[in-house]
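Residue strings, one per chain:
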Amino acid sequence: MARFRTRLALLGSAVALTAGALAPAQLVGAQPAAAADYDWVALGDSYTAGVIQAAGDVFEIPRDGCERTDQSYPQIIDRDLGGLIELTNVSCGAATIEDVTFRAQQPIGRNVPGFPEDPDYPFPPVPPQSEAVKPGTDVITVGVGGNTFGFDEILRKCLELGQGSEGVGTPCKDDLAGDIPGKLTKVGKDYDEMLAKLHEKGPHAKILAVGYPTIIPKDTSKCRYNDIHQFFSITQGDLDWLRQDVLEPLNKTIEKSAEAHGSATFVNLYDSTEKHSVCDAGKWVEGILDSDDRPALVHPNTKGHRNAADHVTSAILNAIAPS
């Protein structure tokens, strides 16, 4: 109960700070903005950055190709918590765990195969995301792993193989199942190395390892074959395989790595999004195209990011609450 009251007090302070920021200048005077109480660094891939148009507008000008959107969960939390936490958001679409840990990344912007070329591509490399973490950082959130696992390539292969199956069978599972254990092993190894690096860079920071939401429902009969707003040509059998043997084990691998690391906590987004998959009426993740026929390639929309913001906010407040 004491911990709950502390969280409420912190949230109340954030609301008060936000209200103060909205006060007319003539009432508060031309005072410099007060420094935030805590420093937060947001790291991750497209599920953190936002990327798709259904997750808001890219707000950084000039663009760096990472496609951070104004309705992505770091930006929502930044607005919700007002001046309580100073956000540094270096998440980037298509980032791998290695791009977070040590490797400079070449952002792709919206230069996606099969869609019109991004007029600003190519973009200059961006530094490894871990460089944004400083000795005084208080909170680090990181949502990454899907690109190291190669989920995008698996998805494309399943689309390709499903086109000739007329919705029958498990052509993708038959072709790729043998690769999955090795991919999961690499994710676990790279994730462990990343957490160690983040702890080295920010020794006092609380690390929140953010998992992935539900993408595919348990009842895949909801998913219509050849519906471009869902999974298009991926068969129902392959969708069952992707959920059970690919996506759920990916989340478990991230959770296991976080649990093994003393300063890290896993943030579970899977359970809260169970009824909001790509194939549900109230979807929080878009299909290949969104409802406005814009490229989405199975990414969270604004509702999905709002849900993520709620859970990550709770985890942040727990992390900074006095023990």
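Just so you know, these numbers come straight off a predicted model, no measurement behind them. (Residues numbered from 1 in each chain as written. Predicted model: local features only at pLDDT ≥ 70, side-chain atom pairs only at ≥ 80, totals over all residues. Heavy atoms only, no water.)

### Thoughts on the overall build of the protein chain
Definition in use: To qualify as a helix, a DSSP run of H or I must reach at least 4 residues; to qualify as a strand, a run of E must reach at least 2; elements of each kind are numbered from the N terminus. Here the term buried applies to any residue with accessible area under 20% of the maximum for its type, exposed to any over 50%, and partly exposed to those in between, with areas from a 1.4 Å probe on protein chains only. Methods summary: accessible areas were calculated by the Shrake-Rupley approach with a probe of 1.4 Å, and residue burial reflects only the protein chains presented.
Tallying secondary structure elements over the protein chain gives 11 helices and 5 strands in all. Taken across its 323 residues, the protein chain has 50% of its residues classed as buried. Element-wise, carbon and sulfur atoms account for 54% of the exposed surface of the protein chain, whose accessible area totals about 14,800 Å².

### Considering helix α7 (residues 151–163)
Put simply, the rule reads: Expected span, for any helix, means 1.5 Å times one less than how many residues it has. Regarding the arc, it is the one traced by the directions from the helix axis to the C-beta atoms. Should any heavy atoms of two residues lie within 4.5 Å, those residues are counted as being in contact.
With 13 residues, α7 extends 18 Å from end C-alpha to end C-alpha; this agrees with the ideal 18 Å at 1.5 Å per step. Those residues of α7 not exposed but buried are Phe151, Ile154, Leu155, Cys158, Leu159 and Gly162. Buried residues of α7 fall within an arc of 140° about the axis and therefore sit on the same side. For α7, the exposed residues set more than 90 degrees away from the buried face come down to Glu153 and Gln163. Tucked inside the fold, the buried residues of α7 contact α6 (146–149), α8 (171–176), α9 (180–201) and α10 (236–259).

### Focus on helix α11 (residues 302–320)
How we decide: Here a polar contact means two N or O atoms within 3.5 Å. Within protein one must be a hydrogen donor candidate and the other an acceptor candidate, and residues neighboring in sequence count only if both atoms are side-chain atoms.
With 19 residues, α11 extends 26 Å between its outermost C-alpha atoms, agreeing within 8% with the 27 Å of an ideal straight helix rising 1.5 Å per residue. Residue Asn301 occupies the N-cap position of α11, its side-chain oxygen lying 3.0 Å from the main-chain nitrogen of Lys303.

### Focus: the pairing of strand β2 (residues 85–89)
Side-chain positions along a regular strand alternate between the two faces of the sheet. To keep it simple, the criterion reads: DSSP-based pairing: two strands are paired if at least 2 bridges between them are found.
Burial of the side chains of β2 is restricted to one face: Ile85, Leu87 and Asn89 are buried, whereas none of Glu86 and Thr88 on the reverse face is. Pairing of strand β1 (residues 38–44) with β2 involves 5 bridges; the strand directions are parallel. Paired with Asp39 across the strands is Glu86, a residue of β2.

### Examining the state of the cysteines
We count it as follows: In this description, a disulfide is simply a cysteine sulfur pair whose atoms lie within 2.5 Å.
All chains considered together, the criterion is met by 3 disulfides. Covalent S-S linkage joins Cys66 and Cys92, the inter-sulfur distance amounting to 2.1 Å. On the S-S bond that ties Cys66 to Cys92, the torsion sits near -85°, and the link is left-handed. With Cys66 in the loop between α3 (46–49) and α4 (73–80) and Cys92 in the loop between β2 and α5 (97–101), the pair connects residues that are 26 residues apart, well separated along the chain. Looking at Cys66, the relative accessible area reads 0%, which means it is buried. Through a disulfide, Cys158 is tied to Cys172; the S-S separation comes to 2.0 Å. One quick way to see it: the torsion about the S-S bond of Cys158 and Cys172 is about -80°, and its sign makes the bridge left-handed.

### A word on the sheet that holds strand β5 (residues 264–267)
Put simply, the test is: Simply put, an axis is a line fit to the C-alpha atoms, just over the touching stretch for a helix, and the angle between two N-to-C directions goes from 0 to 180 degrees.
Taken together, the 5 strands give an open sheet; going across it, the order is β2-β1-β3-β4-β5, and neighbouring strands pair in parallel fashion. Edge positions in the sheet fall to β2 and β5, since each of these pairs with one other strand and no more. Along the sheet, successive strands turn relative to each other by an average axial angle of 20°, direction set aside. Bridge count between strand β3 (residues 139–143) and strand β4 (residues 206–210): 4 bridges; the pairing is parallel. Residue pairing across strands places Thr141 opposite Leu208, the latter belonging to β4.

### Section: the packing of aromatic side chains
Applied cut-off: Aromatic contacts are taken between Phe, Tyr and Trp rings whose centres are within 6.5 Å, Trp giving its six-membered ring; a plane angle under 30 degrees counts as stacked, one over 60 as edge-to-face, and the others as tilted.
In the structure shown here, the tally under the stated rule is 1 aromatic pair. Their ring planes at 80° and their centres at 5.3 Å tell us that Tyr47 and Tyr212 sit as a pair that is edge-to-face. A residue pair is termed long-range when its members are at least 10 positions apart, and Tyr47 in helix α3 and Tyr212 in the loop between β4 and α10 qualify at 165 residues. In this structure Tyr47 comes out as buried when scored by relative accessible area, which is 12%.

### As for the confidence of the model for the protein chain
The cut-off we apply is this: Values of pLDDT, which run from 0 to 100, indicate the predictor's confidence residue by residue.
Predicted confidence across the protein chain gives a mean pLDDT of 90, with 89% of residues reaching 70 or more. Across the protein chain, β3 holds the top mean pLDDT of 99, while helix α2 (residues 25–28) sits lowest at 31. Below a pLDDT of 50 lies the segment residues 1–33, which in the model reaches 23 contacts outside its immediate sequence neighbourhood of four places, other chains included.

### Some remarks on the environment of Val41
Here Val41 shows up in strand β1. Distance from Val41 to Ala205, taken between C-alpha atoms, is 9.7 Å for residues 164 residues apart in sequence. Apart from residues lying up to four places away in sequence, Val41 is in contact with Thr88, Ala132, Val133, Thr137, Val139, Ile140 and Thr141.

### Topic: the pairing of β4
The line we're drawing: Crossovers are described as right-handed under a simple rule: with the strands pointing away from the observer, the path leading from the first strand over the helix to the second runs clockwise.
Burial analysis of β4 places 4 of its 5 residues in the buried class, the great majority of the element. Each parallel crossover has a hand, and for β4 linked through α10 to β5 it is right-handed.

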